[in-house]
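Read off the chains here:
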Amino acid sequence: MGKERMTVLLSDLEIARRVKELAAEISREYAGGKVTLVCVLKGAVVFASDLMRCLEIPVEIDFMAVSSYGSETKSSGAVRILKDLDSSILGKDLLIVEDIVDTGLTLDYICKNLLSRKPRSLKVVTLLDKPARRKVKFTPDFCGFEIPDHFVIGYGLDFNEDYRQLPGICILQPEP
Ligand code: PRP
């Protein structure tokens, strides 16, 4: 990509409002218990930190980093763990926190992997969902926004590691 053009898709205020709604929904779902958030690095770090501060229930957080083997093999679903969780999840109520579901391959792998470790329950919250790009059947339990198939950056999402610090979500398009 040479010169790029940025247009705002979701402002910081729109995101903040939706994060509060999601947190209320999640707090009701886990009322009376504790939830263990699994933040998938790096993109979800901004969403996870905002979400956890709006939750009204006891929370633990752990982090996981995964990588596909490369763009050519991404469609194969081959994913490798770069950083695993620090603690056992046996018997815990897990909520995976993602920034975006695209093909669904990453979450399909993570869910299967974590389920094999016998948590008590496993659900997924994603800020963004691009259902048009799905390669495997995957439906998040909680979703902030369904978005069309654009390349998006900001609020944790990157283009070649840049733009993660933008407060809102922007569409990045090559200059015509
Ligand atoms: C993004 C996102 C998800 C994954 C979704 O991560 O955070 O983990 O891609 O894509 P999929 O549904 O097609 O599998 P990315 O690989 O860009 O890493 P990053 O979070 O470190 O930026």
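Residues numbered from 1 in each chain as written. Predicted model: local features only at pLDDT ≥ 70, side-chain atom pairs only at ≥ 80, totals over all residues. Heavy atoms only, no water.

Peer 1: Whenever I open this one, the packing of helix α1 (residues 12–29) against helix α2 (residues 45–54) confuses me. Can you help?
Peer 2: If you want to describe how two helices pack, look at the angle between their axes and the distance between the axes. Two elements in contact, α1 and α2, have axes separated by 9 Å at closest approach and are oriented at 55 degrees. If you check the angle between α1 and α2, you find them oblique. Where α1 crosses over α2, the handedness of that crossing is right-handed. Residue-level inspection shows Val19, Lys20, Leu22, Ala23 and Ile26 of α1 in contact with α2, the latter providing Phe47, Asp50, Leu51 and Cys54. (Axes fitted to C-alpha atoms, helices over the stretch in contact; angles between N-to-C directions. Helix = DSSP H or I, 4+ residues; strand = E, 2+ residues; numbered from the N terminus. Parallel < 35°, antiparallel > 145°, perpendicular 65-115°, else oblique. Left-handed = near helix turned anticlockwise from the far one by under 90°. Contact = heavy atoms within 4.5 Å.)

Peer 1: Quick question: what am I supposed to make of the site of the ligand here?
Peer 2: Contacts to the ligand come from 15 residues, most closely from Glu98, Asp99, Thr103, Gly104 and Thr106. Contacts to the ligand include lysine 42, whose backbone N or O atom sits 2.9 Å from an oxygen atom. Here threonine 103 contributes a side-chain N or O atom positioned 2.5 Å from an oxygen atom of the ligand. Here the ligand, which alone exposes 500 Å², has 79% of that area covered by the protein. Sorting the residues of the shell around the ligand by element identifies β5 (93–101) and α4 (105–115) as the ones contributing at least two each. The class makeup of the residues in the shell around the ligand is four nonpolar, four polar and seven charged. (Near = heavy atom within 4 Å. Polar contact = N/O pair within 3.5 Å; in protein donor to acceptor, adjacent residues only side chain to side chain. Areas by Shrake-Rupley, 256 points an atom, 1.4 Å probe, with all protein chains shown as cover. Nonpolar A, V, L, I, M, F, W, Y, C, P; charged D, E, K, R; others polar.)

Peer 1: I'm lost on the environment of leucine 114 in this one. Help?
Peer 2: Looking at where leucine 114 falls in the secondary structure, it is placed in helix α4. Residue classification places leucine 114 among the buried residues on the basis of a relative accessible area of 0%. For the pair leucine 114 and valine 35, spaced 79 residues apart in sequence, the C-alpha to C-alpha distance is 15 Å. With near-sequence residues (within four places) excluded, leucine 114 lies in contact with Val38, Met64, Leu85, Ile89, Leu94, Ile96 and Pro119. (Buried < 20%, exposed > 50% of the residue type's maximum accessible area, 1.4 Å probe, protein only.)

Peer 1: Explain α1 here, please?
Peer 2: Spacing of three or four residues puts side chains on the same side of an α-helix, whose turn is 3.6 residues. Across its 18 residues, α1 extends 25 Å between first and last C-alpha, which sits within 8% of the 26 Å expected from 1.5 Å per residue. Looking only at α1, the buried set comprises Ile15, Arg18, Val19, Leu22, Ala23, Ile26 and Ser27. Elements that come into contact with the buried residues of α1 comprise β1 (4–10), α2, β5, β6 (121–129), β7 (142–146) and β9 (169–174). (Expected span 1.5 Å × (residues − 1).)

Peer 1: How do you make sense of the environment of alanine 23 when you look at a structure like this?
Peer 2: Assignment of secondary structure puts alanine 23 in helix α1. Between the C-alpha atoms of alanine 23 and methionine 52, which are 29 residues apart in sequence, the distance is 7.7 Å. Residue contacts for alanine 23: discarding those within four places in its chain leaves Leu51, Cys54 and Leu55.

Peer 1: What's the story with the nonpolar core in this structure? I'm lost.
Peer 2: Side chains of a nonpolar character, in soluble globular proteins, are inclined to be buried together. Judged by nonpolar contacts, the single largest core of 30 residues is most densely connected at Phe47, Leu51, Val125, Leu127, Leu128 and Ile169. Breaking this core down by element, the ones donating at least two residues are α1, β2 (35–41), α2, β5, β6, β7 and β9. Sort the elements by how many residues they give to this core and α1 lands first, with five residues. Within the second largest apolar cluster, 17 residues are counted, among which are Val79, Leu85, Val101 and Val124. (Core = buried A, V, L, I, M, F, W, Y, C linked by side-chain atoms within 4.5 Å.)

Peer 1: Hey, could you run me through the sheet that holds strand β8 (residues 152–153) in this one?
Peer 2: Backbone hydrogen bonds are what pair the strands of a sheet, in a parallel or an antiparallel way. With antiparallel pairing, the three strands of this open sheet are ordered in space as β1-β9-β8. One side of each edge strand has no neighbouring strand; the edge strands of this open sheet are β1 and β8. Both β8 and β9 contribute to a ladder of two bridges, which runs antiparallel. Counted as the bridge partner of valine 152 is isoleucine 171 from β9. (Pairing = 2+ DSSP bridges.)

Peer 1: How should I be thinking about the packing of aromatic side chains in this particular structure?
Peer 2: For any pair of aromatic rings, the description rests on two quantities: the centre-to-centre distance and the angle between the ring planes. Enumeration according to the criterion identifies one aromatic pair in this entry. When the ring of phenylalanine 151 is compared with that of phenylalanine 159, the centres are 5.7 Å apart and the planes differ by 85 degrees; the resulting orientation is edge-to-face. Among the residues examined, phenylalanine 159 registers a relative accessible area of 18% and is labelled buried. (Phe/Tyr/Trp six-rings, centres within 6.5 Å; stacked < 30°, edge-to-face > 60°.)

Peer 1: What is the right way to read the environment of aspartate 149 from this model?
Peer 2: With respect to the helices and strands, the residue aspartate 149 is situated in the loop between β7 and β8. Classification of aspartate 149 as partly exposed rests on a relative accessible area of 47%.

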